[in-house]
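Breakdown of the fold
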Amino acid sequence: MTSQSEIVKTTTRTRRAQGNNSARSRFNRLITYLLLIATSLCFLVPFAWLILSALKSSDEIFVFPPVWLPKHWEWGNFAKALTTLPFGRYALNSILIAAANVVGNVLSCAFVAYGFARFRFPGRRILFMVMLATMMIPNQVLLVPQFILFHDLGWLNTFLPLTVPAFFGSAFYVFLLRQFFMTIPTELEEAAKIDGAGSLRIFFTVILPLIKPALMAVAIFSFQGAWNDFLAPLIYLNDPSKYTLQLGLSQFQGTFHTEWNLIMAATVVVALPMLIIFFAAQRYFIEGITMTGTKG
Amino acid sequence: MKQKEALLGYAFISPWLIGFVVLTLGPLIASLYLGFTQYNLLSSPKLVGFENYVHIFHDHNFWQSLYVTFYYAIFSVPLDLIVALFLAMMLNQKVRFLRWFRTIYYLPAVLPPVAVAILWNWILNPQYGILNRFLGFLHLPQPQWLVTPQWTVPSFIVMSIWGVGTWMITFLAGLQDVPLSLYEAAVIDGASTWKKFWHVTLPMISPVLFFNLVMGIIGAFSYFTQAFVMGAGYGGQGAGISNSGLFYALNIYIQGFSNLNMGYACALAWVLFFIVLVLTLLVFKSSSLWVYYGGEKE
């Protein structure tokens, strides 16, 4: 009896609490939306400022106090910015380097990740730990000796230092792909083996197609990494005809440091491809990050 | 059979194994050796013992770069983590347009760092930039951002918040993995919002926090591109006005590639390695106290 009345009492109490909660939660939701809108505006304003600045005239860019909308929309700024430096050449160089990085990373990392995920061999655990530990080495430690290595190989001022390393795997992507391989049941390979397929054939025809989304994520991250890279092109390339877009843009800033409208126009052009890729392949960016961040 | 499997395993991992020996282990040993030499790339390295390391401690630029880097790391890493977690927690509620908000917060993180740095150079322009215009509108003080030494590092810290998108997504993924039953149980126990956050959310996402913290520390100590590009507008070699933006990695670059002191640059890099190692070890050691791995044990 007592226990029953206790139950009744608790349920009414919970109900009442829920009633209060729904009024409170509606208020909370309102606050949440206001905060979301305010913060997302803060994240968007720099983009708007970038584009509007790129469309102002040289006089208007230095009006004090600053104005938001240009009086005359100077679309010609883009043409002016792009023709003063050979941006077409830089874009081509960037595309070549990024494409080589995508191919290299996807191939080599898939191989290595599969090796770590599926085969037993002496030292496997230690080697895997060593590989993960290499992520902790600040790249500045390897910068000078790698530069000397490529210098001695006669690779300076070529794209080789910027592309060849991608064919030797990268710890981050190997880790990401290994996580995916681990989720594939081994029965698949065993069945293929019974049918008489060799390891390479199984790898290419059975396993790789199953992890396509992960391969896409690696492809996109390595494209982004190579496209956005600045330090490596800065130290390895010194012939302006070999410059990448990032080097070109930073040089542009130095040369035209007072013409902010042209600098902003050039910045829009260099940032645009990444934005387009991001909108086209958002899913893979987010899946890739989600995989690396949580499933330790 | 076993031997064949082992051979196949080695064959599959061979790209990394070769790359590791040639591109990581070899250079690591080489840089340890070069740290004890004087080397300008043109003549062969000359052994000088501990001279480089002794010189580091008398080098004003070393202390300046250490100060700048620590200043930046101490503020930007926790601040970015808090902002990222805050945004992720808002998005973890049942909000509409989640995809849009998530996209907006993540967008800046995909842009090329050079483009971001140049854009912020303009945003932070004390006179014509949008940030001071906004601060003026709110009747707040308008700092002379990159133009005065004491405002240089804060400029970089402010800018870093704009790029928290990647961390926000890892947090969001972690939050979405927290079982709802835990919150329901906490509500029945009468837990307040704050208590739910402290006793349920935080422990459950502590592995993500740990991951982000370690990567954040390494990132802050390798901070280069933005420092180089933004500082270039204000004084020589990208170090900003009176070296106020001389980040550690920038100092290594200047010593190695502008001054061609390759040996000294290697010694500087090893000191950096040691600092990062100590910091990450501290985080790892402390992690048993605050990182909670639910059922994830092997």
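Chain B has the name Sugar ABC transporter permease in an unreviewed UniProt entry, where Alicyclobacillus dauci is given as its organism. What UniProt records for chain B under Sequence similarities (unreviewed entry) is the sentence "Belongs to the binding-protein-dependent transport system permease family." Here is the UniProt Subcellular location (unreviewed entry) comment for chain B, exactly as written: "Cell membrane".

An unreviewed UniProt entry lists chain A under the name Carbohydrate ABC transporter permease, with Alicyclobacillus dauci as the source organism. Per its UniProt entry, chain A bears the Subcellular location (unreviewed entry) comment "Cell membrane". Database annotation for chain A, UniProt heading Sequence similarities (unreviewed entry): "Belongs to the binding-protein-dependent transport system permease family."

Some details on the overall build of chain B
Each helix and strand counted, chain B has 13 helices and 2 strands in total. The dimensions of chain B, computed from C-alpha atoms along their principal axes, are 75 × 75 × 30 Å. Across the 298 residues of chain B, 54% fall into the buried class. In chain B, once contacts between residues fewer than 6 apart in sequence are set aside, the share between residues at least 24 apart is 66%. By element, 68% of the accessible surface of chain B is carried by carbon and sulfur atoms, the whole surface being about 14100 Å². The average position of the 12 basic charges and that of the 9 acidic charges among the side chains of chain B differ by 8 Å.

A few points about the overall build of chain A
Within chain A, the regular secondary structure consists of 14 helices and 0 strands. The C-alpha radius of gyration of chain A comes to 27 Å, more than 25% above the 19 Å expected for a compact globule of 296 residues. Going through the 296 residues of chain A one by one, you find that 49% of them count as buried. Taking as baseline every contact in chain A between residues at least 6 positions apart, the subset at least 24 positions apart corresponds to 71%. Per element, the accessible surface of chain A, about 14500 Å² overall, is 67% carbon and sulfur. Side-chain charges of chain A comprise 22 positive and 13 negative groups, with the mean position of each set lying 15 Å from the other.

So, the interface of chain A and chain B
Counting from both sides, the interface comprises 95 residues of chain A and, opposite them, 92 residues of chain B. Buried area between chain A and chain B, both sides added, is near 8400 Å², and the carbon and sulfur share of it is 78%. At the boundary of chain A with chain B, the tally comes to 0 salt bridges. Along the contact surface separating chain A from chain B lie 15 residue pairs in polar contact (both at pLDDT 80 or more).

Section: the pattern of salt bridges
All names here are of chain A. If you walk through the whole model with that rule in mind, you get 3 salt bridges over all chains. Across the salt bridge formed by Arg118 and Glu189, the nearest N and O atoms sit 2.8 Å from each other. Placement of Arg118 in helix α3 (residues 87-118) and of Glu189 in helix α8 (residues 187-194) is noted, with a sequence separation of 71 residues between them. Accessibility assignment for this pair places Arg118 and Glu189 in one class, buried. In this structure, Arg283 and Glu287 form a salt bridge, with 3.1 Å as the shortest nitrogen-oxygen distance. Taken together, the positions of Arg283 and Glu287, both in helix α14 (residues 282-294) and 4 residues apart, correspond to about one turn of that helix.

Observations regarding the nonpolar core
Soluble globular proteins: nonpolar side chains tend toward being buried together. Counting residues in hydrophobic clusters, the biggest one holds 202 residues, and the most contacted among them are Phe116(A), Leu177(A) and Phe181(A). Apart from residues lying up to four places away in sequence, Phe116(A) is in contact with Phe121(A), Arg124(A), Leu127(A), Phe128(A), Met131(A), Val174(A), Arg178(A), Ile13(B) and Trp16(B).

So, the UniProt feature "transmembrane region" (unreviewed entry) in chain B
Residue and element names in this part refer to chain B. Taking the UniProt record as the reference, the feature "transmembrane region" (unreviewed entry) is found at residues 7-36, 70-91, 103-123, 156-176, 197-221, 227-250 and 262-284. When the span residues 70-91 is considered, its composition is 100% helix and 0% strand, and the gap between its end C-alpha atoms is 31 Å. Secondary structure within residues 197-221 divides into 100% helix and 0% strand; the distance between the first and last C-alpha atoms comes to 30 Å.

Topic: the environment of Asp239(A)
Residue and element names in this part refer to chain A. Along the polypeptide, Asp239 turns up in the loop between α11 (231-236) and α12 (245-255). Taking relative accessible area as the criterion, Asp239 reaches 27% and is therefore assigned partly exposed. Once the C-alpha coordinates of Asp239 and Arg125 are considered, the two residues, 114 residues apart in sequence, prove to be 44 Å apart.

Notes on the packing of helix α7 (residues 171-182) of chain A against helix α10 (residues 212-228) of chain A
Residue and element names in this part refer to chain A. Between α7 and α10, the least distance of the axes is 10 Å, while the angle of their chain directions is 170°. Here α10 runs roughly antiparallel to α7, going by the angle between their axes. Between α7, through Tyr173, Leu176, Leu177 and Phe180, and α10, the contact on the second element is made entirely by Ala214, Leu215, Val218, Phe221 and Ser222. Residue composition of the contact of α7 with α10, grouped by class: 8 nonpolar, 1 polar and no charged.

Some remarks on the UniProt feature "transmembrane region" (unreviewed entry) in chain A
All names here are of chain A. Following the UniProt record, the feature "transmembrane region" (unreviewed entry) maps to residues 30-52, 90-114, 126-150, 162-181, 202-223 and 260-281 here. Each end of residues 162-181 is marked by a C-alpha atom, and these two atoms are 28 Å apart; helix forms 65% of the span and strand 0%. End C-alpha to end C-alpha, residues 260-281 measures 31 Å, and it is 95% helix and 0% strand.

Quick look at the packing of aromatic side chains
Scanning the entire structure with this criterion turns up 63 aromatic pairs over all chains. Plain terms: the ring middles of Tyr90(A) and Tyr243(A) are 6.1 Å apart, the flat faces sit at 40° to each other, and that makes the pair tilted. Here Tyr90(A) is found in helix α3, whereas its partner Tyr243(A) is found in the loop between α11 and α12, with 153 residues between them in sequence. A residue is classified by how much of its surface remains accessible, and Tyr90(A), at 1% relative accessible area, is buried. Taking relative accessible area as the criterion, Tyr243(A) reaches 14% and is therefore assigned buried. Judged by centre distance (5.6 Å) and plane angle (75°), the rings of Tyr71(B) and Phe75(B) are edge-to-face. Of this pair, Tyr71(B) and Phe75(B) both sit in helix α3 (residues 60-91), 4 residues apart, which is roughly one turn of the helix. Of the residues examined, Phe75(B) reaches a relative accessible area of 47% and is grouped as partly exposed. Members of the aromatic cluster, each reached through a chain of ring pairs, are Phe147(A), Phe150(A), Trp155(A), Phe230(A), Tyr236(A), Phe224(B), Phe228(B), Tyr253(B) and Phe257(B). For Arg178(A), the ring lying beneath its charged end belongs to Phe128(A), and the centroid distance is 4.1 Å.

The rules behind these values
- Residues numbered from 1 in each chain as written.
- Chains lettered and ligands numbered in written order.
- Predicted model: local features only at pLDDT ≥ 70, side-chain atom pairs only at ≥ 80, totals over all residues.
- Heavy atoms only, no water.
- UniProt positions renumbered as here; feature names shortened; annotations may be inferred.
- Helix = DSSP H or I, 4+ residues; strand = E, 2+ residues; numbered from the N terminus.
- Buried < 20%, exposed > 50% of the residue type's maximum accessible area, 1.4 Å probe, protein only.
- Contact = heavy atoms within 4.5 Å.
- Areas by Shrake-Rupley, 256 points an atom, 1.4 Å probe, with all protein chains shown as cover.
- Lys, Arg positive; Asp, Glu negative; His and termini not counted.
- Charge placed at Lys NZ, Arg CZ, Asp CG, Glu CD.
- Rg over C-alpha atoms; globule rule 2.2 N^0.38 Å.
- Buried area = accessible area lost by both parts, 1.4 Å probe.
- Salt bridge = Lys/Arg side-chain N within 4 Å of Asp/Glu carboxyl O.
- Polar contact = N/O pair within 3.5 Å; in protein donor to acceptor, adjacent residues only side chain to side chain.
- Core = buried A, V, L, I, M, F, W, Y, C linked by side-chain atoms within 4.5 Å.
- Axes fitted to C-alpha atoms, helices over the stretch in contact; angles between N-to-C directions.
- Parallel < 35°, antiparallel > 145°, perpendicular 65-115°, else oblique.
- Nonpolar A, V, L, I, M, F, W, Y, C, P; charged D, E, K, R; others polar.
- Phe/Tyr/Trp six-rings, centres within 6.5 Å; stacked < 30°, edge-to-face > 60°.
- Lys NZ or Arg CZ within 6 Å of the ring centre and 35° of its normal.

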